[in-house]
Amino acid sequence: MKGITGVHLFTFRPVKGGVLATTEESWAGPPVEADIPGSQSSLDAGLKDWMRRLKDTAEMRSGCH
């Protein structure tokens, strides 16, 4: 979205039986400040979707279902 600066971090850590993936993201800028609850809701939904897609893809490629 125009006027928003975002920082995104994915972290992958090997754990027994697989990999633990975590993600963090922050947004800043006038559009975010104008609607903090709406921006937070959009950010949360996007992160959940990315992690679900990452999990689905990893499991499909590894043969785990």
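This text goes with the structure placed above it.
Each chain carries its own residue numbering, running from 1 in the written order of its sequence. In view of the model being predicted, local features appear only for residues whose pLDDT reaches at least 70, and side-chain atom pairs are presented and counted only at 80 or more, with totals across whole chains, interfaces and linings using the full set of residues. The side-chain figures draw on all heavy atoms in the structure; neither hydrogens nor water molecules are used.

### Here we look at the overall build of the protein
Here is step 1: To qualify as a helix, a DSSP run of H or I must reach at least 4 residues; to qualify as a strand, a run of E must reach at least 2; elements of each kind are numbered from the N terminus. For the protein, the helix and strand inventory stands at two helices and two strands.
Here is step 2: Order of helices (α) and strands (β) in the protein, N terminus to C terminus: β-β-α-α.
Here is step 3: Expected size for 65 residues packed as a compact globule is a radius of gyration near 11 Å; at 15 Å, the protein overshoots this value by more than 25%.
Here is step 4: Here the C-alpha coordinates of the protein stretch approximately 45 × 20 × 20 Å along the principal axes.
Here is step 5: The buried share of the protein, taken over its 65 residues, is 9%.
Here is step 6: Working rule for contacts: check all heavy atoms of both residues, and any pair within 4.5 Å makes them a contact. Taking contacts inside the protein between residues at least 6 apart in sequence as the whole, the part at least 24 apart equals 38%.
Here is step 7: Per-residue and other accessible areas were derived by the Shrake-Rupley procedure at a 1.4 Å probe size, with only the shown protein chains allowed to occlude residues. Surface summary for the protein: the accessible area is close to 5300 Å², and the carbon and sulfur share equals 60%.
Here is step 8: When charges are counted, Lys and Arg contribute as positive and Asp and Glu as negative, whereas His and the chain ends are disregarded. Charge coordinates come from a single atom per side chain, which is NZ of Lys, CZ of Arg, CG of Asp or CD of Glu. Across the protein, the centroid of the 8 positively charged side chains sits 9 Å from that of the 8 negatively charged ones. In this setup the radius of gyration rests on C-alpha atoms only. A globule is expected at 2.2 Å times the number of residues raised to 0.38. Each residue is placed in one exposure class: buried if its accessible area under a 1.4 Å probe, protein chains only, is under 20% of its type's maximum, exposed if it is over 50%, and partly exposed if it falls in between.

### Examining the pairing of strand β2 (residues 18-28)
Here is step 1: Two strands pair if DSSP finds at least two bridges between them. In the sheet, strand β1 (residues 5-15) pairs with β2 via eleven bridges, with the strands oriented antiparallel. Its bridge partner being in β2, Val 15 is matched across the sheet by Gly 18.
Here is step 2: The hairpin formed by β1 and β2 contains two residues between the paired strands, and Gly 17 there has a positive phi angle of roughly 85°.

### Thoughts on the pattern of salt bridges
Here is step 1: Salt bridge, as used here, is a side-chain nitrogen of Lys or Arg placed within 4 Å of a carboxyl oxygen of Asp or Glu. Applying the stated criterion across every chain yields a total of four salt bridges.
Here is step 2: Put simply, Asp 56 and Arg 52 hold a salt bridge, and the shortest N to O gap is 3.3 Å. Taken together, the residues Asp 56 and Arg 52, both in helix α2 (residues 36-62) and four residues apart, mark about one turn of the helix.
Here is step 3: Accessibility expressed as a relative area gives 39% for Asp 56, which makes it partly exposed.
Here is step 4: For Arg 52, a relative accessible area of 43% gives the class partly exposed.
Here is step 5: Here Lys 55 and Glu 59 are joined by a salt bridge, their closest N and O atoms 3.0 Å apart. Remark: Glu 59 and Lys 55 occur in helix α2; sequence separation between them is four residues, near one turn of the helix.
Here is step 6: Here Glu 59 falls in the partly exposed class, since its relative accessible area comes to 27%.
Here is step 7: A single network of salt bridges, built from pairs that share partners, joins Asp 49, Arg 52, Arg 53 and Asp 56.

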